[in-house]
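A look at the structure
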Amino acid sequence: MNSPHAPTPVRPLYRRHRLRSAALAATVAALLLGAAGEAPAAPVSPAPAGAPAVADCPAALAGKARCYTGQDENGAHYALAVPARWNGSLVVHAHGGPDLGDASDPARSTEDLERWAVMVEEGYAWAGSSYRRGGYGTRMAAADTESVRRVFLDRFGKPERTYVHGQSWGGNVAAKVAETYGTKPGAYDGVLLTNGVLGGGSRGYDYRVDLRVVYQYYCGNHPRPTEQPYPLWQGLRPGSTMTSAGLSARLRECTGFDAGPAERTALQQRNLDDILAVTGIPERSLESHLRFATFTFRDIVATRLGGRNPFSNRGVRYAGSHDDRALNAGVERFSADPAARRDLSWDSDLTGRVSLPVLTLHAIEDPTAFVEHESAYRATLRGAGREHRLVQTFTRESEHSGLSRAEYANSIAALDRWARSGRKPTPRSLAASCAALDRTRGTGCFYDPAFRPSPYASRVLPRPGGLVWPAMTAGQERAWGRIDGVGIAP
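Residue numbers here run from 1 along each chain, matching the order of that chain's written sequence. Only residues with pLDDT of 70 or above have their local features reported here, since the model is predicted, and side-chain atom pairs are shown and tallied only from 80 upward, although totals for entire chains, interfaces and linings are computed over all residues. Side-chain numbers here rest on the full set of heavy atoms in the structure, without hydrogens or water.

Focus: the pattern of salt bridges
Note the following rule: The term salt bridge refers to a pairing of a side-chain nitrogen on Lys or Arg with a carboxyl oxygen on Asp or Glu at a separation within 4 Å. Put simply, DSSP H or I for four residues or longer makes a helix, DSSP E for two residues or longer makes a strand, and each gets a number counted from the N terminus. Burial here depends on accessible area, computed with a 1.4 Å probe over protein chains only, as a share of the maximum for the residue type. Under 20% is buried, over 50% is exposed, and the range in between is partly exposed.
In the structure shown here, the tally under the stated rule is 29 salt bridges. One salt bridge connects Asp112 with Arg115, and the closest N-O pair in it is separated by 3.8 Å. Residue Asp112 and its partner Arg115 are located together in helix H2 (residues 106–115), separated by three residues, close to a single helical turn. Residue class for Arg115 comes out partly exposed when judged on its relative accessible area of 37%. The residue Lys184 makes a salt bridge to Glu146 at a minimum N-O spacing of 3.5 Å. Of the two residues, Lys184 is situated in the loop between helix H5 (169–181) and strand S7 (190–194) and Glu146 in helix H4 (residues 138–156); the sequence distance between them amounts to 38 residues. Judged by relative accessible area, Lys184 falls into the partly exposed class, the value being 39%.

Digging into the packing of helix H8 (residues 244–255) against helix H9 (residues 266–279)
Inclusion rule: Only the stretch in contact is used when a helix axis is fitted, and all axes are lines through C-alpha atoms; the angle between N-to-C directions ranges over 0 to 180 degrees. Angles are sorted into four bins: roughly parallel if under 35 degrees, roughly antiparallel if over 145, roughly perpendicular if 65 to 115, and oblique for all others. When checking whether two residues touch, look at their non-hydrogen atoms; a contact exists if any pair is within 4.5 Å. Charged residues are taken to be Asp, Glu, Lys and Arg, nonpolar residues to be Ala, Val, Leu, Ile, Met, Phe, Trp, Tyr, Cys and Pro, and polar residues to be all remaining types, Gly included.
One way to put it is that H8 packs onto H9 with a least axis distance of 6 Å and a crossing angle of 110 degrees. Here H9 runs roughly perpendicular to H8, going by the angle between their axes. Taking contact as the criterion, the partners of Arg252, Glu253, Cys254 and Thr255 in H8 are, on H9, Leu267, Gln268, Asn271, Leu272 and Ile275. The class makeup of the residues in the contact of H8 with H9 is four nonpolar, three polar and two charged.

A short note on the sheet that holds strand S6 (residues 161–167)
Hydrogen bonds between backbone groups are what pair the strands of a sheet, and the pairing can be parallel or antiparallel. Selection criterion: Strand pairing follows a simple DSSP-based rule, namely that at least 2 bridges must link the two strands.
With respect to topology, nine strands assemble into an open sheet ordered S1-S2-S3-S5-S4-S6-S7-S8-S9, the strand pairing being mixed. Looking along the sheet, the strands with just one partner apiece sit at the ends: strand S1 (53–55) and strand S9 (390–395). The average angle at which neighbouring strand axes cross in this sheet is 20 degrees, direction not considered. Both strand S2 (residues 65–71) and strand S3 (residues 77–83) contribute to a ladder of seven bridges, which runs antiparallel. Its bridge partner being in S3, Gln71 is matched across the sheet by His77. Sheet contacts for H4: S2, S3, strand S4 (89–94), strand S5 (125–129) and S6; angle to S3, the most-contacted strand, approximately 45 degrees.

Side note on the state of the cysteines
This is how it is decided: We call a pair of cysteine sulfur atoms a disulfide whenever their separation is within 2.5 Å.
All told, the structure shown has three disulfides when counted by the stated rule. Linked covalently through their sulfurs, Cys57 and Cys67 form a disulfide whose S-S length is 2.0 Å. Between Cys57 and Cys67 the sulfur-sulfur dihedral comes to about 110 degrees; the bridge is accordingly right-handed. Placement of Cys57 in the loop between S1 and S2 and of Cys67 in strand S2 is noted, with a sequence separation of ten residues between them. There is a disulfide in this structure between Cys434 and Cys445, and the S-S distance comes to 2.0 Å. Its torsion about the S-S bond being -80 degrees, the disulfide of Cys434 and Cys445 is classed as left-handed. You can see Cys434 sitting in helix H15 (residues 427–441) and its partner Cys445 sitting in the loop between H15 and helix H16 (474–481), a full eleven residues away along the chain. Sequence-ordered numbering of the bonded cysteines in the protein gives a pairing of 1-2, 3-4, 5-6.

Observations regarding helix H12 (residues 338–348)
Here is the rule we go by: N or O atoms closer than or at 3.5 Å make up a polar contact, with two conditions inside protein: a donor-capable atom paired with an acceptor-capable one, and, for residues adjacent in sequence, both atoms drawn from side chains.
Looking at H12, one finds that the buried residues are Ala340, Asp343, Leu344, Ser345, Trp346, Asp347 and Ser348. Packing partners of the buried residues in H12 comprise H4, H5, helix H6 (201–204), helix H10 (286–304) and H16. Between the side-chain oxygen of the N-cap and the backbone nitrogen of Ala339 there are 2.8 Å, and the N-cap of H12 in question is Asp337.

Observations concerning unusual backbone geometry
Omega for the peptide link from Gly97 to Pro98 comes to 0 degrees, which places this bond in the cis form. The peptide bond linking His222 to Pro223 adopts the cis configuration, its omega dihedral lying at 15 degrees. Locating Pro223 in the fold gives a position in the loop between helix H7 (206–219) and H8. Even without a glycine there, the phi angle at Tyr131 is positive, about 70 degrees.

Regarding the pairing of S6
For the record, the criterion: With the strands aimed away from the viewer, a crossover counts as right-handed if its path from the first strand over the helix to the second runs clockwise.
Of all seven residues making up S6, seven are buried, and the element is well covered by its neighbours. Residues Arg161, Tyr163, His165 and Gln167 of S6 are buried on one face, and the alternating residues Thr162, Val164 and Gly166, pointing to the opposite face, are buried as well. Inspection of the sheet shows S4 paired to S6 by six bridges, in the parallel sense. Paired with Val91 across the strands is Tyr163, a residue of S6. Summarising the sheet, S6 and S7 pair through five bridges and their orientation is parallel. Bridge pairing links Gly166 to Leu193 in S7. For the handedness criterion, the β-α-β arrangement of S6, H5 and S7 is classed as right-handed.

Things to note about the packing of H4 against H5
Quick reminder of the rule: Definitions for this section: a left-handed crossing has its near helix turned counterclockwise from the far helix by less than a right angle. A right-handed crossing has that turn clockwise.
At their nearest, the axes of H4 and H5 sit 8 Å apart, and the two run at 70 degrees to each other. Relative to H5, the element H4 is oriented roughly perpendicular. Crossing of H4 over H5 shows right-handed handedness. Residues Thr138, Arg139, Ala141, Ala142, Ala143, Thr145 and Glu146 of H4 pack against Trp169, Asn172, Val173, Lys176, Val177, Thr180 and Tyr181 of H5. Looking at the contact of H4 with H5 residue by residue, the classes come out as seven nonpolar, four polar and three charged.

As structure tokens, this is what we get:
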């Protein structure tokens, strides 16, 4: 897709810092190489309270990096890693989810470091936050991601370049980091978004709203007629003791989703066919989407928005079932509370006003964050006059939580070249450069340079007004930000 805007040249960044950064990298590398030998030159003193403490690295990084863990001033656990052969640059990672729970999970940031160890193996330092609590809160997660960047700076000094990376919901978080903190001179130099939820909160979950009401129309067991009723936009009534296993049992009862076709009853097969056809959700991810539309919706509504409803399905016409007329007549309908929708939008929607190079990587058959999220993001940047800062790449893969390690290595290398040289890559140049990295990674390169996703509305039924992007303009963001108590509390 051609941009109507002339590309803005990006000057090579941090030239004045390169000698200092190179010296810093060499010093840290020398220390780490000594630590990776059979005997350290000197014992490492315990870190002061609140400062990063030396920790065991994931197995993939043993002998290749020095790792650290700690908690920031807001209580968010984090993990840091500096490779023995550090190239002087830093990747700040925003994790997906959101995970549910009241406290920061110390295991999450170390697990993410293990999952994306390829970044450290490619020579980049790493910093990732577990966020100060579980549950929804995009701006909170963005603030904690920015916090771990500052923790790294306090401990190791200013990197030559800094890139923010996010996958899944972390893509929304990283994009929010770029818009909120990326305007600070020298804070960030580029953005990498992989399999990102880039439609924002006010529209990015509409297909799960549809799943929640369509499921109940066919199944009638969530809640059951004998149970306390509640509006479906709540996801699950406050105080319910339902577990993930209990929800799976109800889904199995209605659809036989985890059985073979020959083991399902005729009614189960019909219910499953209708739910999948109407919502467009892949069969293999039906259970996970219903969990989100149950437990995460409860978190958003009951815990984050004080019981107010940010969701709507008024004006939506459902199609694809055996009897669309009966479905549309019988499905539960509701309208959003305007203030609740505003608060969710302010917290998670994107304005597109990004001043950094942005590279995205998305699996075409991603069953969780549909590839059409990329169309929403391009439309968002186009609406803000920033489309020229975006390069999108797509792969013939069908997973959400992990892509080829060669592609991750290729993506961060391409973003680094773009930030340093100002020369914008193309989908074809990225497809071509991957092969050299795959000779050592051996995980494959699956780029499809010709692919372009369909509009977001072709996959997610739009609500009135939902065809115009960005979902939140910069003007709305400024105006809403002046309202006391707007958004979702940290």
